[in-house]
Every structure is written in C-alpha cells, then in structure tokens.
Amino acid sequence: MSTASTPSSLHPLAEGTVFVVNVIHAHAGKQEEALEIIRDIVQYVAARRKEFLWSTLATSIDGETVVNVEAISGPGDVESFFADIAFAEKFRRLEQVGRYEFHVYRARDLILPRT
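Here is what the cut-offs are and how they apply
- Residues numbered from 1 in each chain as written.
- Predicted model: local features only at pLDDT ≥ 70, side-chain atom pairs only at ≥ 80, totals over all residues.
- Heavy atoms only, no water.
- Helix = DSSP H or I, 4+ residues; strand = E, 2+ residues; numbered from the N terminus.
- Contact = heavy atoms within 4.5 Å.
- Areas by Shrake-Rupley, 256 points an atom, 1.4 Å probe, with all protein chains shown as cover.
- Core = buried A, V, L, I, M, F, W, Y, C linked by side-chain atoms within 4.5 Å.
- Buried < 20%, exposed > 50% of the residue type's maximum accessible area, 1.4 Å probe, protein only.
- Pairing = 2+ DSSP bridges.
- Salt bridge = Lys/Arg side-chain N within 4 Å of Asp/Glu carboxyl O.
- Phe/Tyr/Trp six-rings, centres within 6.5 Å; stacked < 30°, edge-to-face > 60°.

### Details of the overall build of the protein
Across its full length, the protein carries three helices and six strands. Taking contacts inside the protein between residues at least 6 apart in sequence as the whole, the part at least 24 apart equals 72%. Carbon and sulfur atoms make up 55% of the accessible area of the protein, which amounts to about 7100 Å² in all.

Put into structure tokens, the structure is as follows:
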C-alpha cells in the first residue's frame, strides 16, 4: 500500500509484531536504578534468546517511571523467558526499586507521517 495514493498513512500489519510493555513505577529517587536493572534484563535476553527482536528503554521526565517496549517473536515467549531461573532472579530485583506491570500486545496498524 503506497502512502502517496491513500488519504491516510495507515498500514495494516498482516500478522502484527508482538510487544511486551513493561512499566516500572520506581520508588522516589530510584528511577536510574530501575533503568539499570531493566537494561541488564534486556541485555541478558538479547544475548541469549532468539525470540528477542528489539527493545526501547525510556525514562519519564517525572523521574518516577521506566518503560521497556520490547518486540518478541510471539506471545508465548514471556513464559519461556521466566522459565530461565537467572532471568527470573534478575526480574525480581525490580521489586526492590518499585512496582512493575507488563502486558503483551499484538500490533495491528503502523501509522506513519504522510509524505
């Protein structure tokens, strides 16, 4: 589908990439420590798991939140990651710096700026 010939820049994704979105709500003054922990976790997975595709880490300007948006090969990958004892131990370290939640999503559309 060409963006030049369509009125919008919406691109449906046939299968859709699977994403894990981790949101870490760090305790006061612990945002950088939370970032270091999730960075260590992501680097661990990236070096060992073929299911890992890519990740983006971000810190909120409010100084409290860290977000990891990670593309993986499928929704079942999360369970296989946690089956790795070292991974699970690394993830539990997040409990020392805040609370976290994560959800798995399947991308449906890609929207790009019109050209």
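Once you've had a look at it, read on.
### Section: the environment of V97
If you trace the backbone, V97 turns up in the loop between helix 3 (85-92) and strand 5 (98-106). Separated by 72 residues in sequence, V97 and H25 place their C-alpha atoms 8.4 Å apart. Those residues in contact with V97, other than ones at most four positions away along the chain, are H25, A26, H27, K30, E33, A34 and I37.

### Some remarks on the nonpolar core
Counting residues in hydrophobic clusters, the biggest one holds 21 residues, and the most contacted among them are I38, I41, F87 and L94. Of all elements in the fold, only strand 2 (18-26), helix 1 (31-48), strand 4 (65-72), helix 2 (77-82) and helix 3 reach the threshold of two or more residues within this core. Among all residues touching I41, those that are not within four sequence positions of it are F87, K90, F91 and L94.

### A few points about the pairing of strand 4
The buried fraction of strand 4 amounts to six of the eight residues, a majority that puts the element mostly inside the structure. Bridge count between strand 2 and strand 4: eight bridges; the pairing is antiparallel. For V18, the partnering residue across the bridge sits in strand 4 and is I72. Looking at chain direction, strand 3 (residues 52-59) and strand 4 are connected through seven bridges and run antiparallel. Considered in strand 4, the bridge of T59 is made with V66.

### What to know about the pattern of salt bridges
Tallied over the full model, the rule gives five salt bridges. Here E33 makes a salt bridge to K30, at a shortest N to O gap of 3.3 Å. According to the relative accessible area criterion, K30 is partly exposed, its value standing at 31%. Ionic pairing is found between E51 and R49, a salt bridge with its closest N-O pair at 3.0 Å. Given a relative accessible area of 11%, E51 falls into the buried group. Within this structure, D40, K90 and R93 form a network of salt bridges that share partners.

### A short note on the packing of aromatic side chains
Applying the stated criterion across every chain yields a total of eight aromatic pairs. Here the aromatic rings of F82 and F102 are separated by 5.7 Å at their centres, their planes lie at 15°, and the arrangement is stacked. Taken together, the residues F82 in helix 2 and F102 in strand 5 connect sequence positions 20 residues apart. A relative accessible area of 28% means that F102 is categorised as partly exposed.

Coordinates in, geometry out; function isn't part of it.
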